[in-house]
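A look at the structure
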Amino acid sequence: MIEIKTKQEVEQMKPAGKFVGSILKNLRGMAKPGVNLLELDDYVKRQIESRKGATSCYVDYAPDFGTGPFSHYICLSVNDAVLHGVPFDYVLKDGDLLSMDLAINVDGWVGDSAISLVVGEHADPEDLRLIKATEDALQAGIDQARSGNRLGDISAAIGAVAHEQGYSVNVEFGGHGVGHAMHGDPLVPNDGVAHHGFKLRPGLVIAIEPWFMATTDEIFQDPDDGWTIRSEDGSRGAHTEHTIAITEGDPIILTARDE
């Protein structure tokens, strides 16, 4: 069921989005060579515990696309991992491609966002190009997130950026509705047909999240943790996401990071 929020409810969602955005902004600065993924996870844990009304959307989350409950506070995906990465005892290295996906509930409303970055000073230009493609695709999707357009307009805009940059698109996982729960209707695929699908209207709140892999659109779930999604050919992946609200005018980016 697709939920349409009132203007008041959209306002009530802003603190969650702002909180998620601020944590991701801080994590960007913290993700340096020598830092353990578990340190980043612990930082998120402490931030949530220190915020009144905040709860993790991930701890004990057990959807059908994972194996058992997720037991951490943030998804951290490194190099050939692109989605649902389980934090583990891994020390970041110069040149690693790190994707960080965070969802938090504040006072009953969820904010969901993701960023990708290259750790350290020696970035592979192809990694930077891949990350920028997801960022450009996200912006293209947001540009289409206007009342009167169709859901397919968002999906088609994302897919067009990917194809123009030479990336194929996997549509097994994509964007989604956001509200009192982290995942809801409608699904927002990262490729689609313009002018088709649900008609966008003010009060619709969705997460738009392009994720691409360098040389494939085939994935597999890491059998070691039952969660982490990796590229089939070992190529690197990147993931960028914002929670946005459709209005009568420009969409509102609820998870803006003020960068």
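Residues numbered from 1 in each chain as written. Predicted model: local features only at pLDDT ≥ 70, side-chain atom pairs only at ≥ 80, totals over all residues. Heavy atoms only, no water.

An unreviewed UniProt entry lists the chain under the name Methionine aminopeptidase, from Bombiscardovia apis. In its Subunit (unreviewed entry) section, the UniProt entry covering the chain states "Monomer." The UniProt entry for the chain carries the following comment under Catalytic activity (unreviewed entry): "Release of N-terminal amino acids, preferentially methionine, from peptides and arylamides." (UniProt positions renumbered as here; feature names shortened; annotations may be inferred.)

1. Thoughts on the pairing of strand 5 (residues 109-118)
Counting buried positions along strand 5 gives 10 out of 10 residues, so the element sits mostly inside the fold. Linkage of strand 4 (residues 97-106) to strand 5, two consecutive antiparallel strands, is achieved through a turn of 2 residues, within which Asp107 is found at a positive phi near 55°. (Buried < 20%, exposed > 50% of the residue type's maximum accessible area, 1.4 Å probe, protein only. Helix = DSSP H or I, 4+ residues; strand = E, 2+ residues; numbered from the N terminus. Pairing = 2+ DSSP bridges.)

2. So, the sheet that holds strand 3 (residues 81-83)
An order of 3-11-10 is seen for the 3 strands of this open sheet, with the pairing classed as antiparallel. Each edge of the sheet is formed by a strand with only one pairing partner; in this case those strands are strand 3 and strand 10 (219-221). Averaged over all adjacent pairs, the angle separating strand axes in this sheet is 40°, with direction ignored. Bridge count between strand 10 and strand 11 (residues 229-231): 3 bridges; the pairing is antiparallel. Looking at the pairing, Gln221 lines up with Ile229 of strand 11. (Axes fitted to C-alpha atoms, helices over the stretch in contact; angles between N-to-C directions.)

3. A look at the packing of helix 3 (residues 125-143) against helix 4 (residues 151-164)
Relative placement of two packed helices is described by the angle separating their axes and the distance separating the axes. Contact pair helix 3 / helix 4: the axes reach a minimum separation of 8 Å and the direction vectors enclose 155°. Relative to helix 4, the element helix 3 is oriented roughly antiparallel. Classified by chirality, the crossing of helix 4 by helix 3 is right-handed. Residue-level contacts link Ala133, Asp136, Ala137, Ala140 and Gly141 of helix 3 to Ile154, Ala157, Ile158 and Val161 of helix 4. Looking at side-chain class alone, the contact of helix 3 with helix 4 contains 7 nonpolar, 1 polar and 1 charged residues. (Parallel < 35°, antiparallel > 145°, perpendicular 65-115°, else oblique. Left-handed = near helix turned anticlockwise from the far one by under 90°. Contact = heavy atoms within 4.5 Å. Nonpolar A, V, L, I, M, F, W, Y, C, P; charged D, E, K, R; others polar.)

4. Here's the deal with the layout of surface pockets
Of the voids in this model, the largest pocket is the one considered here, and its volume is about 420 Å³. Lining the largest pocket are 27 residues; nearest its centre among them are Phe65, Phe173, Gly174, His176 and His183. Elements supplying a minimum of two residues to the lining of the largest pocket: strand 6 (175-177) and strand 7 (184-188). Partitioning the lining of the largest pocket into residue classes produces 14 nonpolar, 7 polar and 6 charged. If you add up the space inside the second largest pocket, you get close to 200 Å³. (1 Å grid on protein atoms, 1.4 Å probe; cavity = no way out; pocket = protein on both sides within 12 Å on 5 of 7 lines; lining within 4 Å. Points joined across faces, edges and corners; volume = space filled by probe spheres on them.)

5. Considering the packing of helix 1 (residues 7-30) against helix 2 (residues 37-50)
One way to put it is that helix 1 packs onto helix 2 with a least axis distance of 11 Å and a crossing angle of 150°. Classed by the angle they form, the pair helix 1 and helix 2 counts as roughly antiparallel. As helix 1 packs across helix 2, the resulting crossing turns out to be right-handed. Mapping the contact onto sequence places Phe19, Ile23, Asn26, Leu27 and Met30 in helix 1 and Leu40, Tyr43, Val44, Gln47 and Ile48 in helix 2. The residue inventory of the contact of helix 1 with helix 2, partitioned by class, reads 8 nonpolar, 2 polar and no charged.

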